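Coordinate analysis (summary)
Chain by chain, the residues run as shown.
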Amino acid sequence: MRTVLAVLAATLLATAADARTTDAAGEGRAAGTLTCRTRTDLSLVIGTARVAACTFVTEDGLRQSYAALLPHREGEADERILTWQVVTADGRSRPGLLDGRFSGETTGALRSPSARLAPLDAAGETSLSLAAQDGRTEIGLR
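Presented here is an overview of the structure given in this document.

Parameters and conventions
- Residues numbered from 1 in each chain as written.
- Predicted model: local features only at pLDDT ≥ 70, side-chain atom pairs only at ≥ 80, totals over all residues.
- Heavy atoms only, no water.
- Pairing = 2+ DSSP bridges.
- Helix = DSSP H or I, 4+ residues; strand = E, 2+ residues; numbered from the N terminus.
- Salt bridge = Lys/Arg side-chain N within 4 Å of Asp/Glu carboxyl O.
- Buried < 20%, exposed > 50% of the residue type's maximum accessible area, 1.4 Å probe, protein only.
- Core = buried A, V, L, I, M, F, W, Y, C linked by side-chain atoms within 4.5 Å.
- Contact = heavy atoms within 4.5 Å.
- Disulfide = S-S within 2.5 Å.

Some remarks on the sheet that holds strand β4 (residues 81-88)
The eight strands lie next to each other as β1-β2-β3-β8-β5-β6-β7-β4, forming a closed barrel whose pairing is antiparallel. With eight bridges joining them, strand β1 (residues 29-39) and β4 adopt antiparallel strand pairing. When the bridges of β4 are listed, Thr 33 appears paired with Gln 85.

Structure, rendered in structure tokens:
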């Protein structure tokens with residue numbers, strides 16, 4: 001009986017640990033968090049878009065800076081902080097992981113070929129383009 005209870009306890013602990021690293025949609029594992037602060041003092045010469053400075057922080061605390069472009073939102077003039085959980089198939093990060101364009105899904109998440117961004121505090125965002133800022137890369141392979 002004690003062996004069965006020990007196996008059950010170990011299974012529950014392993015399941016709980018796995019649940020912490022799987023995103024809410026059950027797809028992949030959490031690789032970190034992306035936080036972007038939109039800027040009101042920057043504008044584009046061609047077209048209209050919001051510009052943001054972003055930081056990707058991995059699950060083990062490493063950081064990488066990104067520059068971002070977001071679609072223009074009518075009437076939004078104030079700075080805003082947007083946050084997403086970054087989900088990858090295996091929960092691993094690498095330099096430049098988030099480079100590229102992310103498009104919206106019906107769940108409110110944004111997806112690229114390399115990762116999925118599950119909104120934590122980024123309601124209503126439909127797309128995002130990110131470019132790693134080379135001089136500030138601090139991410140190593142895990």
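From this point on, the discussion continues.
Considering the pattern of salt bridges
Here the idea is simple: oppositely charged side chains can pair when their charged atoms come close. By the definition in use, this model includes six salt bridges. A salt bridge links Arg 37 to Glu 79, with the shortest nitrogen-to-oxygen separation between them at 3.7 Å. On the criterion of sequence distance, the pair formed by Arg 37 in strand β1 and Glu 79 in the loop between β3 (63-71) and β4 is long-range, its members being 42 residues apart. Overall, the relative accessible area of 41% leaves Arg 37 in the partly exposed class. By relative accessible area, which is 43% here, Glu 79 ends up partly exposed. Connected via shared salt-bridge partners are Arg 50, Arg 80 and Glu 125.

Some words on the nonpolar core
Ranked by internal contacts, the top residues of the largest apolar core, which has 22 residues, are Leu 34, Trp 84, Val 86, Leu 98, Leu 117, Leu 128 and Leu 130. Looking at this core, the elements that each hand over two or more residues are β1, β2 (49-58), β3, β4 and β8 (127-132). Setting aside residues up to four positions removed in sequence, Leu 130 forms contacts with Leu 34, Cys 54, Tyr 66, Ala 67, Ala 68, Leu 98, Asp 99, Gly 100 and Phe 102.

Quick notes on the state of the cysteines
All told, the structure shown has one disulfide when counted by the stated rule. Across the disulfide, Cys 36 is cross-linked to Cys 54 (sulfur-sulfur distance 2.1 Å). Around the S-S axis, the bridge from Cys 36 to Cys 54 shows a dihedral of about 110° and counts as right-handed. Taken together, the residues Cys 36 in strand β1 and Cys 54 in strand β2 connect sequence positions 18 residues apart. In this structure, Cys 36 and Cys 54 share a single accessibility class: buried.

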